[in-house]
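Architecture at a glance
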Amino acid sequence: MSAGVVARRSGRHRTRGRVRVPERVAPGATGPRLAGLDLARGLAVLSMLVAHLAPVGGVLDVSEYLTAPLFALVIGAGTGLALARPGVEAGRFLLDSLLRGLLLVALGVLLQATYDQVDVVLPYLGVLVVVLGPLALALRRLPLLVVGVAAGLAVVGPLVTERARDALGPGSGTVVRDLVLWLAAGPSYRLVSFLPMALGGLVLALVLPHLARWRTAAPVSAVLLAAATVVHALGVASPDGAAAYSGTTAEVVAATFLAAAVVVASCAVVDLFAGRSRPNAVLAPVLAVGRLALTAYTVQVLLLALVAVFRPGERDDSWLVLALTAVVVVGACWLLDRTWGTGPLEILVRLARVPEDWRSGAGLRDAVGSLSAARRRRGPPPPPRSTPPEG
């Protein structure tokens, strides 16, 4: 893998003037980062801004098909790469996935309560992280089975969504209703649509190390893009259609191919710019957004909520709001990346991880062992009512 593809903790984060971040939550604390995934994640955030705020459609409608699938596929690819590292402990990995997923759900619920003109995707991605963890752990060495499961889910998913929406009556409680929406009945997002995309990312993680050179990655990306175009065209001509957010089989499969094409193309672009004399001026802002994607998403929603205070009753899809949001989000991420090397919410996610020296029951066993050793050193306790020997 080329030096431009993997950014390790030891190099990029030693610039003079940076705020010192504790080692446990420093960038790269969980392992080396794949710059191609960071670029793809940054493109997903920019695509999200267009999907949320662009006042016109046309060619910009591609963002409606790309944004959420790209987030889901990158989560799958990141999970696959994490499991490929040596020494992964199943218990710790599952607890990490659970904690990170619950954190995304909680943050998403708060952001949705703050601003309601966008459908906040974080709770759906949080549920995806929780469910994907054990599934990826069980299937990581069986790529053909992963492809089969993803294909089956893409076929069965629309039926599950239809049944879930029929069963979701107005009398459902808030918690139950939210769970059903996140799992299957959401109007824009749902787990049954995201899971095939994430499993596609899990398979893609197996080949990404072999796509580090742009001469290899570029044709693969072109093939994936062509496949997405063909599947989408077939879906449009079918009775179910392939509209964005619809969750039909054609939409899910086409969006997975499209997101995979963007990830592979991102790896190609990173390698292509790695040989240039000044690549940072072009890629650095987008890479910063990708490294701080959770902070970027949160800044976007909070800024839109603030804008709504000064524009009450007006819709947020305007060129002015899009330009303002893009400048603030990209600028904030770029500044945080240069000064801290990470973002506040990324630090929170890393703090929620299980410590590296964690073992099931290790803390209790160590405490008991230390107590027993101390008692052996002190000798047996004195008899009741006896006077301890003088030293």
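Refer to the structure printed above.
1. Description of the packing of helix H2 (residues 35-53) against helix H10 (residues 249-274)
- Axis separation between H2 and H10 bottoms out at 8 Å; the angle between their running directions is 120°. One way to sum up the angle between H2 and H10 is to call them oblique. Viewed along their axes, H2 and H10 form a crossing whose handedness is right-handed. Taken together, the residues of H10 that come into contact with H2 (itself represented by Ala35, Gly36, Leu37, Leu39, Ala40 and Leu43) are Val262, Val263, Ser266, Cys267, Val269 and Val270.
- The class makeup of the residues in the contact of H2 with H10 is ten nonpolar, two polar and no charged.

2. Some points on the packing of aromatic side chains
- Enumeration over the complete set of coordinates arrives at three aromatic pairs.
- Here tyrosine 124 and tyrosine 189 contribute two aromatic rings whose centre-to-centre distance is 5.5 Å and whose plane-to-plane angle is 70°, an arrangement assigned as edge-to-face. Of this pair, tyrosine 124 sits in helix H5 (residues 122-139) while tyrosine 189 is found in the loop between helix H7 (174-185) and helix H8 (191-207), placing the two residues 65 residues apart along the sequence. Just as tyrosine 124 is buried, tyrosine 189 falls in that class too.

3. A few points about the nonpolar core
- If you look at the biggest cluster of nonpolar residues, it comprises 84 residues, and the most contacted ones within it are Leu70, Leu128, Phe194, Leu208 and Val263.
- Counting residues per element, this core draws most heavily on H10, at eleven residues.
- Excluding its chain neighbours within four sequence positions, the residues that come into contact with valine 263 are Leu37, Ala40, Leu70, Leu73, Val74, Leu204 and Leu208.
- By size, the runner-up hydrophobic cluster in this structure holds seven residues, among which are Leu39, Val270, Phe273 and Leu287.

4. Re the packing of H5 against H8
- Packing of H5 against H8 leaves a shortest axis separation of 10 Å and a crossing angle of 50°. Relative to H8, the element H5 lies oblique. Relative to H8, H5 is oriented so that their crossing is right-handed. Residues Tyr124, Leu125, Val127, Leu128, Val131, Leu132, Leu135 and Ala136 of H5 form the contact with H8, whose own contacting residues are Leu191, Phe194, Leu195, Ala198, Leu199 and Leu202.

5. Focus on the pattern of salt bridges
- Counted by the stated rule, this structure contains seven salt bridges.
- When the shortest N-O distance is used, the salt bridge between arginine 213 and aspartate 271 registers 3.4 Å. Here arginine 213, found in the loop between H8 and helix H9 (214-237), pairs with aspartate 271, found in helix H10; they are 58 residues apart in sequence, far enough to count as distant.
- A salt bridge links arginine 315 to aspartate 317; the nearest nitrogen and oxygen atoms lie 3.3 Å apart.

6. Here we look at unusual backbone geometry
- Of note, the phi angle at tyrosine 245 is positive, near 70°, even though the residue is not glycine.
- For tyrosine 245, a relative accessible area of 23% translates into the label partly exposed.

7. Observations regarding the environment of valine 264
- Mapped onto the fold, valine 264 is located in helix H10.
- A C-alpha to C-alpha distance of 7.3 Å links valine 264 and valine 220, two positions 44 residues apart in sequence.
- If near-sequence neighbours (up to four positions away) are discounted, valine 264 is found in contact with Leu204, Leu211, Ala217, Val220, Ser221 and Leu224.

8. Structural notes on a nonpolar patch on the surface
- Together, Leu95, Leu98 and Leu102 make up a nonpolar patch on the protein surface, roughly 230 Å² of accessible area in all.
- By the secondary structure assignment, leucine 95 is in helix H4 (residues 90-114).

9. A look at the environment of glycine 241
- Following the sequence through the fold, glycine 241 ends up in the loop between H9 and H10.
- Between the alpha carbons of glycine 241 and glutamate 251 there is a distance of 7.7 Å; along the sequence they are ten residues apart.
- Residues contacting glycine 241, with those up to four places away along its chain left out, are Gly235, Val236, Thr248 and Ala250.

Criteria and cut-off values
Residues numbered from 1 in each chain as written. Predicted model: local features only at pLDDT ≥ 70, side-chain atom pairs only at ≥ 80, totals over all residues. Heavy atoms only, no water. Axes fitted to C-alpha atoms, helices over the stretch in contact; angles between N-to-C directions. Helix = DSSP H or I, 4+ residues; strand = E, 2+ residues; numbered from the N terminus. Parallel < 35°, antiparallel > 145°, perpendicular 65-115°, else oblique. Left-handed = near helix turned anticlockwise from the far one by under 90°. Contact = heavy atoms within 4.5 Å. Nonpolar A, V, L, I, M, F, W, Y, C, P; charged D, E, K, R; others polar. Phe/Tyr/Trp six-rings, centres within 6.5 Å; stacked < 30°, edge-to-face > 60°. Buried < 20%, exposed > 50% of the residue type's maximum accessible area, 1.4 Å probe, protein only. Core = buried A, V, L, I, M, F, W, Y, C linked by side-chain atoms within 4.5 Å. Salt bridge = Lys/Arg side-chain N within 4 Å of Asp/Glu carboxyl O. Patch = residues over 30% accessible without salt bridge, like charges linked within 9 Å, V, L, I, M, F, W, Y side chains within 5 Å. Areas by Shrake-Rupley, 256 points an atom, 1.4 Å probe, with all protein chains shown as cover.

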